[in-house]
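Coordinate inspection notes
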Amino acid sequence: MLELDQITVETEGVKMQLNHLAVVSAIDSKPLSVNPYDPNTLKALESAIFSSPLGLNPKVDGQRLIAAILMQNCLNNFFTAHFILPSIYAIDCQDILASMDKFSRLCAKVVAKSSEDVKQSIRRARQKALGTIKKAGSCFPKDEAKRLEKEMN
């Protein structure tokens, strides 16, 4: 969420936060409406929002400002929300892909290590079972012991 509270508006020589001068509300799922308490502050609000470090670009619509966020998305063309963000705020697909590549390599290493641990655990269990069969070999016939050993392998 954008920090709208960090936008200060100078009106009549006094600096105030945006939320002290206007109501910001969602029109529907995408654009936001900035409705000033005093219609005379509309131009000051527009100027402050436009010149803010967030790089927003609101549009005047009668007695209010309408704004939408356009965020670059690797999978879709654009996702529209409430203010237009400059390219420095856009998602860099190459960075995301590089991070995903690093993450997938890390996951592969973790899976390989886990699978090796499981294989070693299975080997130890099989060796323990074979040792038990050999120790108890005198308790049952040799053909039964051979069948159990073969079943273990």
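Residues numbered from 1 in each chain as written. Predicted model: local features only at pLDDT ≥ 70, side-chain atom pairs only at ≥ 80, totals over all residues. Heavy atoms only, no water.

Residues of helix 2 (residues 42-51) that are buried: Leu-42, Ala-44, Leu-45, Ala-48 and Ile-49. For helix 2, the angular spread of buried residues about the axis comes to 160 degrees, placing them on one side. For helix 2, the exposed residues lying more than 90 degrees away from the buried face are Lys-43, Phe-50 and Ser-51. Buried residues belonging to helix 2 abut strand 1 (8-11), helix 1 (18-21), strand 3 (22-26), strand 4 (32-36), strand 5 (59-61) and strand 6 (64-67). (Buried < 20%, exposed > 50% of the residue type's maximum accessible area, 1.4 Å probe, protein only. Helix = DSSP H or I, 4+ residues; strand = E, 2+ residues; numbered from the N terminus. Arc of directions from axis to C-beta. Contact = heavy atoms within 4.5 Å.)

Let's shift gears to the confidence of the model for the protein. Put simply, the protein has an average pLDDT of 75, and 75% of its residues get 70 or more. Per-element averaging of pLDDT across the protein places strand 8 (residues 78-80) at the bottom with 37 and strand 2 (residues 14-17) at the top with 89. Confidence drops under a pLDDT of 50 for residues 70-90, and excluding neighbours within four residues, the segment shows 55 contacts in the predicted structure. (pLDDT = per-residue confidence, 0-100.)

So, about the pattern of salt bridges. Side-chain pairs of opposite charge can arise whenever the charged atoms involved come near each other. Under the criterion given, the structure shown has seven salt bridges. The closest approach of N and O atoms between Asp-117 and Lys-113, which form a salt bridge, is 3.1 Å. Residue Asp-117 and its partner Lys-113 are located together in helix 3 (residues 93-135), separated by four residues, close to a single helical turn. Assessed through its relative accessible area of 34%, Asp-117 is described here as partly exposed. The salt bridge involving Arg-123 is made with Glu-116; its shortest N-O contact spans 3.9 Å. Under the relative-accessibility criterion, Arg-123 is labelled partly exposed at 36%. Residue classification places Glu-116 among the partly exposed positions, given a relative accessible area of 32%. Among the charged side chains, a network of salt bridges with common partners joins Glu-144, Arg-147 and Glu-151. (Salt bridge = Lys/Arg side-chain N within 4 Å of Asp/Glu carboxyl O.)

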